[in-house]
Amino acid sequence: MKKISTILLILTSSVAMAVFAQQQGAKDDIKDAGQDVKKAGVATGKATAKVAKKTAKTTKKATKKAVHKSADAVGDTADKVSDKTK
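From a predicted model like this one, the values you see are computed outputs, not experimental measurements.

K.L.:
Is there a simple way to think about the overall build of the protein chain in this case?
P.N.:
From N to C terminus, the protein chain includes two helices and zero strands. For the protein chain, the C-alpha radius of gyration of 36 Å lies well beyond 12 Å, the compact-globule estimate for 86 residues. Across the 86 residues of the protein chain, 0% fall into the buried class. Only carbon and sulfur atoms are counted for the fraction: they give 66% of the accessible area of the protein chain, which is about 8400 Å². Considering the protein chain, the positive charge centre built from 19 side chains and the negative charge centre built from 8 side chains are found 7 Å apart.

K.L.:
What exactly am I supposed to notice about the environment of T85 here?
P.N.:
Structurally, T85 can be placed in the segment after α2 (26-84). On the basis of relative accessible area, T85 is assigned to the exposed category, the value being 62%. Sequence separation between T85 and T55 is 30 residues, and the spatial gap between their C-alpha atoms is 45 Å.

K.L.:
Even after reading the chapter, I still don't get the environment of V74, so can you show me in this structure?
P.N.:
In this fold, V74 is placed in helix α2. Each C-alpha atom of the pair V74 and D36 lies 56 Å from the other, and the pair is 38 residues apart in sequence.

K.L.:
Even after reading the chapter, I still don't get the environment of T12, so can you show me in this structure?
P.N.:
Within the secondary structure, T12 sits in helix α1 (residues 2-20). Residue classification places T12 among the partly exposed positions, given a relative accessible area of 48%. Sequence separation of T12 and K39 is 27 residues, and the distance between their C-alpha atoms is 40 Å.

K.L.:
Just to check I follow, could you spell out a negative patch on the surface for this structure?
P.N.:
A surface patch of like charges, here negative, comprises D28, D29, D32 and D36. Along the chain, D28 turns up in helix α2.

Cut-offs applied
Residues numbered from 1 in each chain as written. Predicted model: local features only at pLDDT ≥ 70, side-chain atom pairs only at ≥ 80, totals over all residues. Heavy atoms only, no water. Helix = DSSP H or I, 4+ residues; strand = E, 2+ residues; numbered from the N terminus. Rg over C-alpha atoms; globule rule 2.2 N^0.38 Å. Buried < 20%, exposed > 50% of the residue type's maximum accessible area, 1.4 Å probe, protein only. Areas by Shrake-Rupley, 256 points an atom, 1.4 Å probe, with all protein chains shown as cover. Lys, Arg positive; Asp, Glu negative; His and termini not counted. Charge placed at Lys NZ, Arg CZ, Asp CG, Glu CD. Patch = residues over 30% accessible without salt bridge, like charges linked within 9 Å, V, L, I, M, F, W, Y side chains within 5 Å. Salt bridge = Lys/Arg side-chain N within 4 Å of Asp/Glu carboxyl O.

Put into structure tokens, the structure is as follows:
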């Protein structure tokens, strides 16, 4: 009797789960797709911000290096001109 009760309970719960487990409709699919697009947009925005920051830092460093190198070259040229005019 105990086995029959257990089997009946399992069958009843299986049927109840099958009845309540409905497949996702077209509206739900569209909503999920919209949410996925929003998430992708946010992720892209964050990635773009990181790349922009890195690019800005690299540009700043390269510009600073070029300015210092140019200043050194101008200083060297000024020294050469100064030596020639003595």
